[in-house]
Amino acid sequence: MTNSIKPPETYAEWAAVIDMFKAKTDDETVLASMRKGTLEWQSGVAERFSKKLIDAVNYRMNSASDKFQKEMGRAGGQESAIVRALLALRKEMSFLARAIDLPVLPEKDRLHYRALVTDQADNMQRSLEDSAKKDRTGKLASIVRNNKVNVL
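Let us look at the structure shown here. (Residues numbered from 1 in each chain as written. Predicted model: local features only at pLDDT ≥ 70, side-chain atom pairs only at ≥ 80, totals over all residues. Heavy atoms only, no water.)

**Brief notes about the packing of aromatic side chains**
What counts is decided by this rule: Two aromatic rings, drawn from Phe, Tyr or Trp (for Trp, its six-membered ring), form a pair once their centres lie within 6.5 Å of each other, and the interplanar angle then sorts them: stacked below 30 degrees, edge-to-face above 60, tilted otherwise. Secondary structure elements follow DSSP: runs of H or I of four or more residues count as helices, runs of E of two or more count as strands, with numbering from the N terminus. A 1.4 Å probe rolled over the protein chains alone gives each residue an accessible area, and that area as a share of the maximum for its type sets the label: buried under 20%, exposed over 50%, partly exposed in between.
Scanning all chains against the criterion turns up 3 aromatic pairs. Judged by centre distance (4.9 Å) and plane angle (85°), the ring pair of Trp-14 and Phe-49 falls under edge-to-face. Placement of Trp-14 in helix H1 (residues 11-22) and of Phe-49 in helix H3 (residues 45-75) is noted, with a sequence separation of 35 residues between them. Like Trp-14, the residue Phe-49 is buried in the burial classification. Summarising the aromatic geometry, the rings of Trp-41 and Phe-49 are spaced 5.5 Å apart at their centres and angled 80° between planes, so their arrangement reads as edge-to-face. A relative accessible area of 0% places Phe-49 in the buried class.

The structure is reproduced here in structure tokens:
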């Protein structure tokens, strides 16, 4: 674990930091570096940067969803395991919402990219609530409502 990473200034430096972000390398340190980073916002570079960032966030959202599914499969109906899985998913989605809301991005892009994460979290929550309706006891629905994944 590194204590600090030089804030990226060039596309090449950004690419390396985004790769670390995608690989979940010391998340808080990487995020701190990304939040302090700068970039000359010019045609070509801006598009490549945005694509790389969005691809990394999508990769992490898919990984979080896969991990959640595995944890739910292992939970075996145990309330504490279900709550842990839900809270881990919420924590990751919340982190991704912060990670994509970077000062280096133009405001309209920041809002649009953050909406991608919040919309995905909302869709996950809706899907979980719909699935929980199949549980006749109502217990799973209660757990899902009380431990929302879209509280970012």
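**Concerning empty space enclosed by the protein**
Put simply, the rule is: Space inside and on the surface of the protein is sampled on a 1 Å grid over the protein atoms alone, with a cavity defined as a set of points where a 1.4 Å probe fits but cannot get out and a pocket as an open set with protein on both sides within 12 Å along at least 5 of 7 lines; lining residues have an atom within 4 Å of a point. Grid points are joined across faces, edges and corners, and a volume is the space filled by probe spheres set on the points. Residues are sorted three ways: Asp, Glu, Lys and Arg are charged, Ala, Val, Leu, Ile, Met, Phe, Trp, Tyr, Cys and Pro are nonpolar, and all the rest, Gly among them, are polar.
Tallied over the entire structure, the rule returns 1 cavity of 30 Å³ or more. In this structure, the largest cavity occupies an estimated 30 Å³ of space. Contributing to the lining of the largest cavity are Ile-54, Val-57, Asn-58, Met-61, Ile-100, Leu-116 and Val-117. Within the residue set of the lining of the largest cavity, elements represented by two or more residues are H3 and helix H5 (107-132). Considering every element that reaches the lining of the largest cavity, the biggest residue donor is H3, with 4 residues. Classifying every residue of the lining of the largest cavity gives 6 nonpolar, 1 polar and no charged.

**Focus: the nonpolar core**
Rule in force here: Joining through side-chain atoms within 4.5 Å is the link that ties buried Ala, Val, Leu, Ile, Met, Phe, Trp, Tyr and Cys residues into a set, and such a set is a nonpolar core. Any two residues having at least one pair of non-hydrogen atoms within 4.5 Å are treated as being in contact.
Judged by nonpolar contacts, the single largest core of 43 residues is most densely connected at Phe-21 and Leu-53. Among the elements of the structure, H1, helix H2 (27-36), H3, helix H4 (79-100), H5 and helix H6 (139-146) are those that each provide at least two residues to this core. Of all the elements, H4 adds the most residues to this core, at 11 residues. When sequence neighbours within four positions are dropped, the list of residues in contact with Phe-21 reads Asp-27, Val-30, Met-34, Ala-56, Val-57, Arg-60, Phe-95, Leu-96 and Ala-99.

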